[in-house]
Amino acid sequence: MLISPAYAQAAATAPNPILQLLPLVAIFAIFYFLIIRPQQKRMKEHREMVAAVRRGDRVVTSGGIIGKVTKVMEDDKLTVEIADGVRVEVVKATLSDVLTKGEPLSSKDGGSSKDAGKAANDASGDSKADNA
């Protein structure tokens, strides 16, 4: 009724080394697709965003300062106006977001003529109120 020692030793064979590595490979694959790959995609989008910054863009720095880009320098620096007449130099890599893109020069010219037309309408409206 007792099991012989030779039979017990034969049953204890070593498992396949490939099957032992399978859980580790599965964990690495899960980490890659859920953590590493999306992070690399975000980093690539951030690099492209920073490279595309131009004059007139409203940006947010990593310190939380919001301002308007007034000058883009070639050595990875920007001049950002954070208040009227207050300009600071910022390293491009410290930008965390671009809020609005700058407008082309042609639309700025169109906006100034609209403002002039609005001012003329306001002036004519005031004269009507004076006549009444």
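Structure's up top.
Scope of this entry: the structure provided in the associated data block.

Let us now look at the overall build of the protein chain. Secondary structure assignment for the protein chain yields three helices and five strands. Going from N to C terminus, the protein chain has its helices and strands arranged as α-α-β-β-β-β-β-α. Evaluated residue by residue, the protein chain yields a buried proportion of 14% over its 132 residues. Sequence-distant contacts, at least 24 apart, represent 37% of the contacts inside the protein chain between residues at least 6 apart. When the accessible area of the protein chain is evaluated, it comes to approximately 10,600 Å², of which 61% is carbon and sulfur surface.

Okay, the side chain of T79 next. Considering the arrangement of structural elements, one finds T79 in strand 3 (residues 77-83). With a relative accessible area of 12%, T79 lands in the buried category. When neighbours within four sequence positions are excluded, T79 is seen to be in contact with K68, V69, T70, K71, M73, R87, V88 and E89.

Its identity as a non-glycine residue notwithstanding, D76 has a phi of 60 degrees, on the positive side. In this structure, D76 sits in the loop between strand 2 (66-73) and strand 3.

What the five strands build is an open sheet, ordered 4-3-2-1-5; its pairing is antiparallel. Edge positions in the sheet fall to strand 4 (86-91) and strand 5 (95-100), since each has one partner strand and no second. Strand after strand, the sheet turns through a mean of 45 degrees between neighbouring axes, direction not considered. Summarising the sheet, strand 2 and strand 3 pair through five bridges and their orientation is antiparallel. Bridge pairing in strand 3 places V72 opposite L78.

Next up on the list: the pairing of strand 2. Two strands pair when backbone bridges link them, and strand 1 (residues 58-61) and strand 2 are joined in this way by three bridges, in the antiparallel orientation. Bridge pairing links V60 to I66 in strand 2. Two successive antiparallel strands, strand 1 and strand 2, enclose a turn made up of four residues, where G64 displays a positive phi of approximately 95 degrees. Remark: three residues form the turn of the hairpin made by strand 2 and strand 3, two consecutive strands paired antiparallel; D76 in that turn has positive phi of roughly 60 degrees.

Let us look at the environment of L78. By the secondary structure assignment, L78 is in strand 3. Taking the relative accessible area as the measure of exposure, L78 reaches 0% and is therefore buried. For L78 and E89, which are 11 residues apart along the polypeptide, the C-alpha to C-alpha distance reads 5.5 Å. Non-local contacts of L78, meaning those with residues more than four positions away in its chain, are made with V53, V69, K71, V72, M73, V88, E89, V90, K92 and L95.

This brings us to the environment of R54. Structurally, R54 can be placed in the loop between helix 2 (17-51) and strand 1. Placed 24 residues apart in sequence, R54 and L78 show a C-alpha to C-alpha distance of 9.1 Å.

Turning to the nonpolar core, a few remarks are in order. One finds M49, V50, V53, V59, V69, L78, V80, V90, L95 and V98 forming the largest nonpolar core, which totals 10 residues. Where this core is concerned, the elements lending two or more residues are helix 2, strand 3 and strand 5. With sequence-adjacent residues up to four places away left out, V80 is seen in contact with V59, G67, K68, V69, T70, V86, R87, V88 and V90.

Scoring rules and cut-offs
Residues numbered from 1 in each chain as written. Predicted model: local features only at pLDDT ≥ 70, side-chain atom pairs only at ≥ 80, totals over all residues. Heavy atoms only, no water. Helix = DSSP H or I, 4+ residues; strand = E, 2+ residues; numbered from the N terminus. Buried < 20%, exposed > 50% of the residue type's maximum accessible area, 1.4 Å probe, protein only. Contact = heavy atoms within 4.5 Å. Areas by Shrake-Rupley, 256 points an atom, 1.4 Å probe, with all protein chains shown as cover. Pairing = 2+ DSSP bridges. Axes fitted to C-alpha atoms, helices over the stretch in contact; angles between N-to-C directions. Core = buried A, V, L, I, M, F, W, Y, C linked by side-chain atoms within 4.5 Å.

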